Amino acid sequence: MGSNKPGREPEHRVECIATLADALEWLGWDVESVMGDLNDQHREAVSVSLDPDRLRECERGKVYRQALELLELCERGEPIPSFVIGEEDYWFRPVDDCKCPCNCDEPCDGSDHHEAVGPFVVPTA
């Protein structure tokens, strides 16, 4: 699981996560972080927090709404192969039998997550 601007390598670490539920939880944390950053940026720019009832009125609000939609999908447990928030594409791909390119000191026991080793082939829409 990871994220990148389309056409570029991921800027942040890519994770190999053992279960779909754990991957969705991890993705949800990433999205909540993005939402917090957007709210902080908006508050700094106009001295008020983003109003959920008026999210369509500014660019940060539109991106916040995209993030909120992805967070809701994660909370419902729906697999999301790819989802765009602003200029960033958030994605994950299932792997079989824990054959992901992990940087692991020990064999994967199916109950952990690891930082993935690149180069990465990121999904395309």
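Rules and cut-offs
Residues numbered from 1 in each chain as written. Predicted model: local features only at pLDDT ≥ 70, side-chain atom pairs only at ≥ 80, totals over all residues. Heavy atoms only, no water. Helix = DSSP H or I, 4+ residues; strand = E, 2+ residues; numbered from the N terminus. Contact = heavy atoms within 4.5 Å. Areas by Shrake-Rupley, 256 points an atom, 1.4 Å probe, with all protein chains shown as cover. Pairing = 2+ DSSP bridges. Axes fitted to C-alpha atoms, helices over the stretch in contact; angles between N-to-C directions. Buried < 20%, exposed > 50% of the residue type's maximum accessible area, 1.4 Å probe, protein only. Expected span 1.5 Å × (residues − 1). Core = buried A, V, L, I, M, F, W, Y, C linked by side-chain atoms within 4.5 Å.

Caption draft 1: Up close: the overall build of the chain. For the chain, the count of helices and strands is two helices and five strands. Overall, the chain shows an N-to-C arrangement of helices and strands of β-β-α-α-β-β-β. Sequence separation of 24 or more characterises 54% of the internal contacts of the chain that already satisfy a separation of 6 or more. Element-wise, carbon and sulfur atoms account for 47% of the exposed surface of the chain, whose accessible area totals about 8300 Å².

Caption draft 2: Layout of the environment of methionine 1. Relative to the elements of secondary structure, methionine 1 occurs in the segment before β1 (2-4). With residues near it in sequence (within four places) discarded, methionine 1 still touches Val14, Glu15, Ile17, Ala23, Trp26, Leu27, Asp30, Trp91 and Phe92.

Caption draft 3: Geometry of the sheet that holds strand β4 (residues 88-91). The three strands are arranged β1-β4-β3 in an open sheet whose pairing can be described as antiparallel. A single partner strand is all that each edge strand has here, and the edge strands are β1 and β3 (82-85). Within the sheet, the average angular offset between the axes of one strand and its neighbour, ignoring direction, is 25 degrees. The pairing of β3 with β4 spans four bridges and is classified as antiparallel. The partner of valine 84 across the bridge, within β4, is aspartate 89. The sheet strands contacting helix α2 (residues 59-76) are β3 and β4, and the helix crosses β3 at an angle near 150 degrees.

Caption draft 4: Quick look at unusual backbone geometry. One non-glycine residue, serine 47, lies in positive phi territory at about 70 degrees. Locating serine 47 in the fold gives a position in the loop between α1 (20-46) and α2. For serine 47, a relative accessible area of 62% gives the class exposed.

Caption draft 5: Inspection of α2 at higher detail. In this model α2 runs 26 Å from its N-terminal to its C-terminal C-alpha over 18 residues, within 8% of the 26 Å that 1.5 Å per residue would give. Listed as buried for α2 are Gly61, Val63, Tyr64, Ala67, Leu70, Leu71, Leu73 and Cys74. Residues of α2 that are buried make contact with α1, β3 and β4. Just beyond α2, the residue with positive phi is glycine 77, at close to 80 degrees.

Caption draft 6: Seen up close, α1. Along its 27 residues, α1 runs 38 Å from first to last C-alpha, staying within 8% of the 39 Å computed at 1.5 Å per residue. Every buried residue of α1 is listed here: Ala23, Leu24, Leu27, Gly28, Val31, Val34, Met35, Leu38, Asn39 and His42. Looking at the residues trailing α1, positive phi occurs at serine 47, about 70 degrees.

Caption draft 7: The nonpolar core, seen in detail. Grouped together as the largest cluster of nonpolar side chains are 22 residues, with contacts concentrated most on Leu27, Val31, Leu70, Ile80 and Ile85. Counting residues per element, the ones that place at least two in this core are α1, α2 and β3. When residues no more than four places from it in sequence are discounted, the contact partners of isoleucine 85 are Val31, Val34, Val63, Gln66, Ala67, Leu70 and Tyr90.

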